[in-house]
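Fold and geometry: a report
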Amino acid sequence: MEGYLKWIVARRKKGFRIDGFVLTEHRQFDPAVDYSDLAEQYGVTVLRGAEVETDVGHVLVYGIDERFAKEFDLSNIALPYEDVFSGAREFGGYAVGAHAGRPRIGLAEHVAERGVSLEQVGAVEQLNGGSNDDENGRALKLAEAHGLACVGGSDAHFVNAIGRCLTAFQRPVTSVEALVEELRSGEIHAVRVEETVEAGSAAVREGS
Amino acid sequence: MTSDEGGSDAAFEYDETVVGKEVELGSLNVTAEMIANYCGSLGETNPLYTDEAWAKDGPYGGIIAPPGLMTALNFGAGGLDAKVTFGNTTFFAGSRLESFEPIRPGDTITARTYVKEVYPKTGRSGTMVFVVRRTDFRNGDDTIVAATEASQVHREV
Amino acid sequence: MEQRYFEAVDIGDEYEQERTPTSEDVQTFLSLTGLGRPGSEARSDGRRGGPGDGRFESAEGAASVGLAAPILPGNMSFAMMSRLVTDWAGVGGHMLSLDVSFRRPVHHNDVLTLQVLVTDTVDDDAQVKLDIYMENERGERPVQGTALVELPRRE
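Residues numbered from 1 in each chain as written. Chains lettered and ligands numbered in written order. Predicted model: local features only at pLDDT ≥ 70, side-chain atom pairs only at ≥ 80, totals over all residues. Heavy atoms only, no water.

Quick look at the nonpolar core
Residues M70(B), W88(C), L130(C) and I132(C) are the most contacted members of the largest nonpolar core, which totals 73 residues. Judged by nonpolar contacts, the second largest core, of 33 residues, contains A50(A), I64(A), Y81(A) and V124(A). (Core = buried A, V, L, I, M, F, W, Y, C linked by side-chain atoms within 4.5 Å. Buried < 20%, exposed > 50% of the residue type's maximum accessible area, 1.4 Å probe, protein only.)

If you want it as structure tokens, here you go:
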């Protein structure tokens, strides 16, 4: 964790704006883990979420607590997606379709090939730091076609990847409650880190 | 005994009795020729590994093996098989090497291994099942000189 | 070979090497490890023995497991990344750990750029954390990882 924080501080010195990130570990969520002291030391907002696997691909869940982790077996790689989206809301959080343009593990393919319903879906990760341009393009088309809000995330499995893609918010986000509120508002958009120089507030997500 | 895991659309089985059960793979005598061949296949030029005259006055008083050598040697046996029933082929997915002590020509290295975990995951290429195996390498003094954790992925192609 | 000292390293420092492993290089590596020997069986640690299906040696073997062309054994890519790190550290450095993931196949004769990026320095132990990756001429990063290195201090 400290390495990520040092890297963000180094990126800031080069003029990039990265206010913080959401740690979204794969298939696990431990509410007891607390990075607030380290976050304060480096002046970086660190929030926590999870990346779970569903029958329509991976889903990022924010603002969840132990109730969500108890309701869903996070080690299951085929969770029912509609339950995950609605469950996140029910427990005070918000779910987003991760790397939506990727084959097999992104929403776009499942919508195109199986016509899955997006009734429960309000936002997708349109810019993903681990996806290629074609995949991010497919995610954008999906979002535009269905009126979905767009987030950006670095999907960083390595320190140097953190902050490659980010989400820009209208208001400051320094708590997970504020993050959920902003996501629900839909007043967000995805940006690449190069666009943040002299730009507005931004946060990133980090995966593992 | 087998275990079903992975959710309804990606069920697989494996022999969970092998998890954590350590077995010896065998022993190898590390030779100067072995080190030279490994270095030759990589175009290695580091005098720690390639230049006996230089290494004699170097930090280890002689040539040592490049740390990566332990991941390349064949100790004979393959360890206990997790018998994963998923996919039609396997690929090497990754490895972690920890290097604790120098390994020198003439050292006899004994490898012991166990299956650390078996888990499923989905990615661009579909569902995959990973088997992670940890191996410790000990020298003649029974000191652990290196350890690896290697991941093998089972998938359908 | 240049010696790198802890005091001279900063977060964001980069280093790279070019490598183009040939089929002959692969064959030399295979002969050392026993990978791909006729009759060798799939090994559950992916580390020894090799699949014996020809994926490292021939187009036919590669095609049998859905690959476009013969590939480097993962252990060989690992060895190349290990060399990258020990070269970066110099003879007085010590690679404490190396963690490598194989994301895509590496093919014979791929023109590879192996890169080191310093991501953290730990003053108390003179240790340096590195991100490492291998990029091919198509802009893909088939191999990525991290390393932890201990460097000497200047006297």
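Moving on from the model shown.
Brief notes about the interface of chain A and chain B
Interface extent is often summarised as the accessible area lost during association of the parts. Counting residues at the interface gives 15 residues for chain A, matched by 13 residues for chain B. Contact between chain A and chain B buries roughly 1000 Å² in total, counting both sides, with carbon and sulfur atoms accounting for 52%. On the chain A side of the interface with chain B, the three residues burying the most area are R27(A), I77(A) and R104(A), jointly 43% of the side's total. In this structure, the connection of chain A to chain B is made through 6 residue pairs in polar contact (both at pLDDT 80 or more). Taken together, the residues of the side of chain A that touches chain B sort by class into 4 nonpolar, 5 polar and 6 charged. (Contact = heavy atoms within 4.5 Å. Buried area = accessible area lost by both parts, 1.4 Å probe. Polar contact = N/O pair within 3.5 Å; in protein donor to acceptor, adjacent residues only side chain to side chain. Nonpolar A, V, L, I, M, F, W, Y, C, P; charged D, E, K, R; others polar.)

Observations concerning the sheet that holds strand β7 (residues 144-155) of chain B
Taken in spatial order, the 10 strands of this open sheet run β3(B)-β5(B)-β6(B)-β7(B)-β4(B)-β2(C)-β5(C)-β4(C)-β3(C)-β1(C), and their pairing is antiparallel. Looking along the sheet, the strands with just one partner apiece sit at the ends: β3 (23-29) of chain B together with β1 (14-19) of chain C. With strand direction ignored, the average angle separating the axes of adjacent strands in the sheet is 20 degrees. Judged from the 10 bridges that link them, strand β4 (residues 89-99) of chain B and β7(B) form a sheet pairing that is antiparallel. Directly across from F91(B), in β7(B), lies its bridge partner V153(B). Each of β4 of chain B together with β1, β2 (94-102), β3 (112-122), β4 (127-135) and β5 (143-150) of chain C touches helix α3 (residues 74-89) of chain C; the most contacted strand, β2(C), lies at about 145 degrees to it. (Pairing = 2+ DSSP bridges. Helix = DSSP H or I, 4+ residues; strand = E, 2+ residues; numbered from the N terminus. Axes fitted to C-alpha atoms, helices over the stretch in contact; angles between N-to-C directions.)

Quick word on the interface of chain B and chain C
With 48 residues of chain B at the interface, the matching set in chain C holds 40 residues. Of the roughly 3600 Å² buried where chain B meets chain C, counting both sides, 53% is carbon and sulfur surface. The tally of links from chain B across to chain C stands at 2 salt bridges. Where D99(C) meets R96(B), a salt bridge forms, and the shortest distance between an N and an O atom there is 3.5 Å. There are 12 residue pairs in polar contact (both at pLDDT 80 or more) connecting chain B and chain C. The set of elements that each furnish at least two residues to the side of chain B that touches chain C consists of α1 (32-42), α2 (47-50), β4, β6 (126-138) and β7 of chain B. In terms of residue count, the dominant contributor to the side of chain B that touches chain C is β4(B) (11 residues). With 5 bridges joining them, β4(B) and β2(C) adopt antiparallel strand pairing. The partner of G94(B) across the bridge, within β2(C), is S101(C). (Salt bridge = Lys/Arg side-chain N within 4 Å of Asp/Glu carboxyl O.)

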